[in-house]
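What the coordinates show
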Amino acid sequence: MKVWKSEMLAISRAGHDKDEVYVILEENDGYCLLCDGKRRLLEKPKKKKTIHVQKIKHLPESLRLMMEDIKTDADVRRILKEYRKIQELRKEQKNTAPEEEQV
């Protein structure tokens, strides 16, 4: 079993999978190997041009630790689920922030 080490997530910005979130498994020669643990498994990752994805480099430490050794598709799904939860919390905080009174 191959153990993957990833440092980034990516959002697809072109193609039929636009706006999907993936884990970047490998990057070389202008291409990324992407996995989501459901449709694109570790055994058969999606090969996509780097210019067609938006890399997410700034991740919380908890996610970075989870991404250090990815062994199964369940690990990938767990990482993406945690990322989506964090994004939802950020949206809620942004929407519930008190608005400044205009004078």
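Residues numbered from 1 in each chain as written. Predicted model: local features only at pLDDT ≥ 70, side-chain atom pairs only at ≥ 80, totals over all residues. Heavy atoms only, no water.

**Some points on the overall build of the protein**
From N to C terminus, the protein includes 2 helices and 5 strands. For the protein, the N- to C-terminal ordering of α and β elements is β-β-β-β-β-α-α. Relative to its 103 residues, the protein shows a buried fraction of 36%. (Helix = DSSP H or I, 4+ residues; strand = E, 2+ residues; numbered from the N terminus. Buried < 20%, exposed > 50% of the residue type's maximum accessible area, 1.4 Å probe, protein only.)

**What to know about the packing of aromatic side chains**
A full pass over the atoms with the stated rule returns 0 aromatic pairs. Note that Lys 47 overlies the ring of Tyr 31, its terminal NZ or CZ placed 4.6 Å from the centroid. (Phe/Tyr/Trp six-rings, centres within 6.5 Å; stacked < 30°, edge-to-face > 60°. Lys NZ or Arg CZ within 6 Å of the ring centre and 35° of its normal.)

**Some details on the nonpolar core**
Residues Leu 9, Val 23, Leu 59, Val 76, Ile 79 and Tyr 83 are the most contacted members of the largest nonpolar core, which totals 18 residues. With 5 residues, the single largest contributor to this core is helix 2 (residues 73–96). The contacts of Leu 59, once residues within four sequence positions are left out, are Glu 7, Met 8, Leu 9, Arg 64, Met 67 and Tyr 83. Counting 7 residues, the second largest nonpolar core, distinct from the first, contains Ala 10, Ile 24, Cys 32 and Leu 34. (Core = buried A, V, L, I, M, F, W, Y, C linked by side-chain atoms within 4.5 Å. Contact = heavy atoms within 4.5 Å.)

**Overview of helix 2**
Its 24 residues place the ends of helix 2 35 Å apart at the C-alpha level, agreeing with the 34 Å of an ideal helix rising 1.5 Å per residue. If you check which residues of helix 2 are buried, you get Asp 73, Asp 75, Val 76, Ile 79, Leu 80, Tyr 83 and Ile 86. (Expected span 1.5 Å × (residues − 1).)

**Overview of the side chain of Ser 12**
As for its position among the elements, Ser 12 is in strand 1 (residues 9–12). For Ser 12, the side chain forms a polar contact with the main-chain oxygen of Ala 14, separated by 3.1 Å. A polar contact of 3.4 Å, which involves the side chain of Ser 12, links it to the side chain of Lys 48. Every residue in contact with Ser 12, bar those within four places of it in the chain, is listed here: Asp 17, Lys 18, Asp 19, Glu 20, Tyr 22, Lys 48, His 52 and Val 53. (Polar contact = N/O pair within 3.5 Å; in protein donor to acceptor, adjacent residues only side chain to side chain.)

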